[in-house]
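Examining the three-dimensional arrangement
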Amino acid sequence: MHVFSIRRPRSLRKVMLGVAGLTGFLVVWQLVPTLGLINSQYLPYVTDIFARLAEEFRDLAFWRRLGHTMTSWAIGLAVATAAAVVLGTIVGLVPFLRRATHTVVEFLRPIPSVALIPLAVLLFGIQMQAALLIIIYASFWQVFVQVIYGVADVDAVARDTARSFGLTRRERLSYLVLPTALPYLMTGVRLAAAVALILAITAEMVIGNPGLGRMIELSRSAGDSVGLYAFVVVTGLLGLLVNIVFRFIERRSLSWHQSVRGEEVL
Amino acid sequence: MSAHTDRIARRSRGGGLGRRVAAGFLYSLGLPFLLLVIWGLASSSSTNRFFPGPLTILEAFRETWIGPAFVDDVLPSLYRLALGIAASIVIGIAAGTLIGLFRPLRELLEPLLEFFRAIPPPVLIPVVMLLLGITDTMKVVVIVSGAVWPILLNTIDGVRATDSVMSETADSFQITWWERLRFLVLPAASPRIMTGVRQGLSVALILMVISEMFASSAGLGYRIAYFQRNYLIAEMWSGILLLGLVGVLLAATFGVVERRVLRWYHGIREVNRA
């Protein structure tokens with residue numbers, strides 16, 4: 001009971017302060033070009049950007065571009081996750097494979113995926129496949145590494161217990177390995193979702209396949225600074241949405257897990 | 001407990017030291033070697049010109065990057081990268097500590113910071129270009145504008161999560177503000193800060209490459225894009241290889257620094273686990 005009585009005014013204050021911070025930022029932004037500190041050609045008025053956003057949201061072409069970006073994001077994330085779960089489980093469960101692949105993984109993982117952009121362009125031109133290659137490469141490692149850690153993290157006592165109870169391989173996978181690895185997997189997928197979005201938009205900017213990233217690049221080269229800032233805001237909102245959705249999925253799918261239950265008690 | 005018995009078991013089974021070193025060597029280099037051989041065989045028997053063999057790439061690597069190109073393209077890129085990373089770490093930790101310590105400030109800025117973190121960093125390149133023009137400063141600012149967020153937000157979380165018993169102890173000993181920061185807050189936050197720095201490093205490398213592909217006439221990213229546009233395939237691969245090496249080197253350096261900074265922390269965790 002008394003938990004609530006403390007928490008409510010605090011959370012109300014938190015929301016109010018948050019709104020105040022946001023408003024303050026927007027007011028300062030509006031004032032900077034108004035006072036002529038930065039030419040409004042380079043830093044447009046906030047009001048202009050909001051007007052532009054309202055205009056774009058009514059435009060069907062905008063939603064089509066958003067659709068392009070999100071399609072390559074979703075395909076890339078799904079393929080990378082599926083591949084990483086399968087390969088990660090196999091490599092994580094077999095100590096020989098884990099040792100043998102270690103060097104290759106440690107070399108391939110830090111390669112910045114954007115280094116592969118020229119290769120992707122050569123192979124696929126300015127199509128979605130080029131973007132997919134980069135998205136999948138980058139998000140694969142996020143999930144793969146987490147799955148390997150997760151699968152290897154099975155408690156030794158639990159493993160021996162399962163063995164002495166004579167659980168079959170399949171039962172061990174679903175009752176022992178999966179619950180242990182799931183928190184790791186969800187962390188990996190959440191990170192991969194953010195990375196996949198970054199690379200989906202980056203690929204559109206650099207390669208030029210249709211989508212939001214291409215609009216940013218087109219606005220820049222056309223000198224349309226209002227459009228440029230508006231699209232940047234859209235990508236930020238999109239990133240925020242992806243974060244929130246995946247955090248929610250993570251909490252829901254791990255509602256049984258100590259890390260989530262513990263948070264609610266405190 | 002089990003790790004300990006495992007280790008004993010392995011030692012008694014494993015034979016001599018020499019054999020173990022040889023096995024480790026084979027494990028760490030066997031698969032890479034095998035993959036290179038397969039690649040070499042595949043590329044020499046196929047007609048696909050986009051995948052030259054490893055020897056051709058190595059030859060191109062030697063010709064392209066060892067010599068004046070290293071001074072003209074690679075060093076300036078690495079210099080901007082280092083500058084950007086250093087600035088991100090300093091700004092991120094300083095601002096993060098400040099925001100993390102003052103609750104009203106944190107609550108004021110939280111939604112704003114969440115939004116800025118969610119912006120895909122490469123999107124900021126055109127914005128910074130618009131504000132600063134195409135200069136070296138712009139490229140460093142681009143790197144900072146992307147890499148600072150993970151460091152900043154992790155520092156805030158780390159500072160916030162300082163153990164309450166320790167901070168109350170510090171209060172009752174009445175240590176000064178500076179000592180508190182130096183001996184309590186920053187060490188307590190350092191595991192989170194290092195996590196942030198690791199995330200920041202990979203963002204910084206990405207932004208270095210993209211900002212040069214986008215708006216430059218020199219630098220590593222520009223060179224690779226240039227080779228691709230002119231169908232210099234082996235040279236392009238050598239550039240990818242070089243970027244990979246930079247990435248590996250960055251990760252290795254970070255690993256060494258992290259182990260030094262967090263030696264106490266890994267020690268505690270190992271004790272807890274055993």
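Criteria and thresholds
Residues numbered from 1 in each chain as written. Chains lettered and ligands numbered in written order. Predicted model: local features only at pLDDT ≥ 70, side-chain atom pairs only at ≥ 80, totals over all residues. Helix = DSSP H or I, 4+ residues; strand = E, 2+ residues; numbered from the N terminus. Buried ≥ 20, exposed ≤ 12 C-beta atoms within 10 Å, placed from the backbone. Contact = placed C-beta atoms within 7 Å. UniProt positions renumbered as here; feature names shortened; annotations may be inferred. Nonpolar A, V, L, I, M, F, W, Y, C, P; charged D, E, K, R; others polar. Domains from an automatic or database assignment. Axes fitted to C-alpha atoms, helices over the stretch in contact; angles between N-to-C directions. Parallel < 35°, antiparallel > 145°, perpendicular 65-115°, else oblique. Left-handed = near helix turned anticlockwise from the far one by under 90°. pLDDT = per-residue confidence, 0-100.

Within chain B, the regular secondary structure consists of twelve helices and zero strands. If you list the helices and strands of chain B from N to C, you get α-α-α-α-α-α-α-α-α-α-α-α. Its C-alpha atoms give chain B principal-axis dimensions of roughly 75 × 65 × 30 Å. Counting over 274 residues, chain B shows a buried share of 38%. Considering only contacts within chain B whose residues lie at least 6 apart along the sequence, 74% involve residues at least 24 apart.

All names here are of chain B. The UniProt record annotates "transmembrane region" (unreviewed entry) at residues 21-42, 78-102, 114-134, 140-156, 201-224 and 236-257. When the span residues 21-42 is considered, its composition is 100% helix and 0% strand, and the gap between its end C-alpha atoms is 32 Å. Regarding residues 201-224, the helix share stands at 79% and the strand share at 0%, and the terminal C-alpha atoms are separated by 21 Å.

This part is about the interface of chain A and chain B. Taken residue by residue, the interface counts 45 residues in chain A and 46 residues in chain B. Secondary-structure elements contributing two or more residues to the side of chain A that touches chain B are helix H1 (2-34), helix H4 (95-108), helix H5 (117-124), helix H8 (169-206), helix H9 (212-221) and helix H10 (225-253) of chain A. No other element matches H10(A), which puts eight residues into the side of chain A that touches chain B. Of the residues contributing to the side of chain A that touches chain B, the split by class is 30 nonpolar, eleven polar and four charged.

Relative to the helices and strands, B:Leu101 is located in helix H4 (residues 68-101). Using a count of 17 C-beta atoms within 10 Å as the deciding quantity, one classes B:Leu101 as partly exposed.

Below, the discussion takes up the UniProt feature "transmembrane region" (unreviewed entry) in chain A. All names here are of chain A. Under the local residue numbering, the UniProt record ascribes the feature "transmembrane region" (unreviewed entry) to residues 12-32, 73-95, 107-126, 132-152, 173-206 and 226-249. Span residues 73-95 is 96% helix and 0% strand, its end C-alpha atoms 33 Å apart. End C-alpha to end C-alpha, residues 226-249 measures 35 Å, and it is 100% helix and 0% strand.

Okay, the domain arrangement of chain A next. All names here are of chain A. As assigned here, chain A comprises domain 1 (1-40) and domain 2 (44-265). Here the C-alpha centroids of domain 1 and domain 2 sit 31 Å apart. Contacts between the two partners involve five residues from domain 1, matched on the other side by four residues from domain 2. A per-class count over the side of domain 1 that touches domain 2 returns three nonpolar, two polar and no charged.

So, about the UniProt feature "domain: ABC transmembrane type-1" (unreviewed entry) in chain B. Within this numbering scheme, the UniProt entry marks residues 74-258 of chain B as carrying the feature "domain: ABC transmembrane type-1" (unreviewed entry). Along residues 74-258 of chain B the backbone is 87% helical and 0% strand, and the end-to-end C-alpha distance reaches 26 Å.

Turning to the packing of helix H7 (residues 136-160) of chain B against helix H9 (residues 177-214) of chain B, a few remarks are in order. All names here are of chain B. It is the contact of H7 with H9, at a shortest axis distance of 7 Å, that shows an interaxial angle of 160°. When the interaxial angle is binned, H7 and H9 end up roughly antiparallel. Classified by chirality, the crossing of H9 by H7 is right-handed. When grouped by side-chain class, the residues that make up the contact of H7 with H9 number 17 nonpolar, nine polar and three charged.

This next bit is on the confidence of the model for chain B. Residues and elements named next belong to chain B. On average, residues of chain B score 84 in pLDDT, and 94% of them reach the 70 mark or higher. Across residues 1-14 the pLDDT falls below 50, and counting only partners more than four positions away or on other chains, this stretch makes six contacts in the model. Our summary of model confidence lists the complex with pTM equal to 0.85 and ipTM equal to 0.82.

Attention now moves to the packing of H5(A) against helix H6 (residues 128-152) of chain A. Residue and element names in this part refer to chain A. Relative orientation of the contacting elements H5 and H6 amounts to 145°, with a least axis distance of 8 Å. As for how H5 packs across H6, the hand of that crossing is right-handed. Contacts from Ile117, Ala120, Val121, Leu123 and Phe124 in H5 reach Gln129, Ala130, Leu133 and Ile134 in H6. Residues belonging to the contact of H5 with H6 are distributed by class as follows: eight nonpolar, one polar and no charged.

All right, on to the confidence of the model for chain A then. The predicted coordinates ought not to be read in detail in places where the model reports low pLDDT. Residue and element names in this part refer to chain A. Looking at chain A, pLDDT values average 87 and 93% of them are 70 or higher. When mean pLDDT is compared element by element in chain A, helix H3 (residues 60-93) scores highest at 94, while helix H11 (residues 258-265) scores lowest at 54. A low-confidence stretch, residues 1-6 stays under pLDDT 50, and its non-local contacts, those more than four residues away or across chains, total zero contacts.

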